[in-house]
Amino acid sequence: MARIVVPKEITENETRVALVPSLVPLLTKDKHEVLVQKGAGVGASFTDDQYVQVGARIINNPAELYRQADVVLKVRPPLCQASDGRQEAELFPEGSIYIGFFGPLTFREVLRIFLERRVTSFSMEYIPRITRAQNMDALSSMSTVAGYKAVLLAAEKLGKIFPLMMTAAGTVPPATVLVLGAGVAGLQAIATAKRLGAKVEAFDPRAVVKEQVKSLGAAFIDMEVNEDVEAGSGYAKEQSGDFLKKERDVIAARLPKVNVVISTAQVFEKRAPILITEEMVKLLHPGSVIIDLAAAQGGNCELTVPGTTVQKHGVTIIGAVRLASTVPVDASQMYSRNVISFFKHLLPKADATPDYNDEIIRSSCITRNGEIVNESVKIALQQGGRES
């Protein structure tokens, strides 16, 4: 039996919660105890009473909550200052377990504290993209929400109607949306833009996604590819300078004809590739909109400022960060299912111990017994990997 605690997220503008009330019984039926910080679900419209009704206990004081923790479930890494002045990570009991997004190459201070406190940490973004881990893939879940919301944000900011309209005042042509990257976020953006009636084009150097793009009703922009563009892990690979130049040339040819660009291209734990330079922004018509979903990784547009909306050369450029937090109800539901699926894989029974030979557990475990145990993280740190 484990005491599982769910703190309130204190990162600015973070409205999601790591565990929704409807999933609490999946833990309590296995004799685990669930403790939830007062107000943890309010940002996602889940009340304390809803948690109590399904068997959770509400704890008001965060220090008291953490003191009782065997397992901590969170959305954001514990990187903020708690109410008593300590870092969130410093509230973790020695030897406890953390499950949530981490970003160990970015949040080095959290990594240091976890090592000092011998916290066993599991990072949701390091769960491998294999078939049996699909129900744990939180990155894909949050990308789905972000791709959807990016289109709505673009529609709000664009001074033009998305669908074709035949009116007494004449015909209104549809907006043209260009989606860069046809991963989970890109495909959801394509589908949402099509539902709103826009003309949609998509660019991705991976020819394998062409059929997926076309099946959603979008035009696929072809490019001759002479490099391997996908890692074995299912993530995009970092590309050479020559390859990026070819990509930019293909994209630049489309920009004078589009109204909205939604960019989603990212390389796992590395800076996002620059696909739109400042000179390319000038090719867009005044009033056009760029939604940069890679903003947290530096952005696909050279002019992107993470978390900020800027106007340059008549174009609105939105550095979208944590867009899933703007749809907290469903984002929390999806994330919770991912977390519970992972937890039940990690500890299938109340008296079980983690099997560190299992690929999912081994790949997602970052720290254990005061050491960094994830090989890719160790290698990246030795090579001076990404840091905020």
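Scroll up to find the structure this text is about.
Residues numbered from 1 in each chain as written. Predicted model: local features only at pLDDT ≥ 70, side-chain atom pairs only at ≥ 80, totals over all residues. Heavy atoms only, no water.

Asker: Report on the overall build of the chain, specifying residues and quantitative values.
Answerer: Counting secondary structure elements, the chain contains 12 helices and 17 strands. The globule rule puts the C-alpha radius of gyration for 388 residues at 21 Å, and the 22 Å found for the chain is close to it. Dimensions along the principal axes, computed over C-alpha positions, put the chain at roughly 65 × 50 × 40 Å. For the chain, buried positions account for 52% of its 388 residues. In the chain, the proportion of contacts linking residues at least 24 apart, taken out of those at least 6 apart, comes to 66%. Accessible area of the chain: about 16900 Å², with a carbon and sulfur share of 50%. Seen as two clouds, the 44 positive and the 43 negative side-chain charges of the chain have centres 3 Å apart. (Helix = DSSP H or I, 4+ residues; strand = E, 2+ residues; numbered from the N terminus. Rg over C-alpha atoms; globule rule 2.2 N^0.38 Å. Buried < 20%, exposed > 50% of the residue type's maximum accessible area, 1.4 Å probe, protein only. Contact = heavy atoms within 4.5 Å. Areas by Shrake-Rupley, 256 points an atom, 1.4 Å probe, with all protein chains shown as cover. Lys, Arg positive; Asp, Glu negative; His and termini not counted. Charge placed at Lys NZ, Arg CZ, Asp CG, Glu CD.)

Asker: Could you give me a rundown of the side chain of E247, with the residues and numbers involved?
Answerer: By the element assignment, E247 lies in helix α8 (residues 241-254). Within the buried set, E247 has no salt-bridge partner at all; the shortest N-O distance to an opposite charge, 7.2 Å, is to R248. Contacts of E247, omitting those with residues within four sequence positions, involve F203, P205, M223 and L275. (Salt bridge = Lys/Arg side-chain N within 4 Å of Asp/Glu carboxyl O.)

Asker: How would you sum up the sheet that holds strand β2 (residues 33-37)? Please name residues and give values.
Answerer: Overall, mixed pairing links the 8 strands, which are arranged β3-β2-β1-β4-β5-β6-β16-β17 in an open sheet. In the strand order of this sheet, the two ends are held by β3 (57-59) and β17 (371-372), each with one partner. For strand β1 (residues 3-6) and β2, the ladder comprises 4 bridges, and the chain directions are parallel. What sits directly across from V6, in β2, is V36. (Pairing = 2+ DSSP bridges.)

Asker: Quick one: what's the story with the packing of aromatic side chains, residue by residue and with numbers?
Answerer: In this structure the tally under the stated criterion is 10 aromatic pairs. Between the aromatic rings of F92 and Y98, the centroid separation amounts to 5.9 Å while the plane-to-plane angle is 65°, which identifies the pairing as edge-to-face. On the numbers, 6.3 Å between centres and 80° between planes, the contact of Y98 with F102 is edge-to-face. Residue F102 is classed as buried on the basis of its relative accessible area, which comes to 1%. Ring pairing ties together the aromatic residues Y66, F92, Y98, F102 and F114, which thus form one cluster. Lying over the aromatic face of Y356, R368 brings its terminal NZ or CZ to 3.6 Å of the ring centre. (Phe/Tyr/Trp six-rings, centres within 6.5 Å; stacked < 30°, edge-to-face > 60°. Lys NZ or Arg CZ within 6 Å of the ring centre and 35° of its normal.)

Asker: Now, about the sheet that holds strand β10 (residues 199-203): what can you tell me, with residues and values included?
Answerer: Across the sheet, which stays open at both edges, the 7 strands sit in the order β11-β10-β9-β12-β13-β15-β14 with mixed pairing between neighbours. With one partner strand each, in any of the chains shown, β11 (219-221) and β14 (309-312) form the two edges of the open sheet. In this sheet, neighbouring strand axes are inclined to one another by 20° on average, regardless of whether the strands run parallel or antiparallel. As paired elements, strand β9 (residues 176-180) and strand β12 (residues 260-263) share 4 bridges and run parallel to each other. When the sheet's bridge partners are listed, L178 is paired in β12 with V261. (Axes fitted to C-alpha atoms, helices over the stretch in contact; angles between N-to-C directions.)

Asker: Kindly report on the environment of L158, identifying the contributing residues and their values.
Answerer: Structurally, the position occupied by L158 is in the loop between α5 (138-157) and β7 (165-167). Judged by relative accessible area, L158 falls into the buried class, the value being 8%. Linking L158 and K245, residues 87 residues apart in sequence, is a C-alpha distance of 28 Å. Not counting residues up to four positions away in its chain, the partners in contact with L158 are A175, N259, V260, G287, S288 and V289.

Asker: Can you explain the environment of G43? Please cite residues and give values.
Answerer: Relative to the helices and strands, G43 resides in the loop between β2 and α2 (48-53). Its relative accessible area of 39% is what places G43 among the partly exposed residues. Distance from G43 to A182, taken between C-alpha atoms, is 30 Å for residues 139 residues apart in sequence. Look past the residues within four positions of G43 in its chain and what remains in contact with it is T15 and P328.

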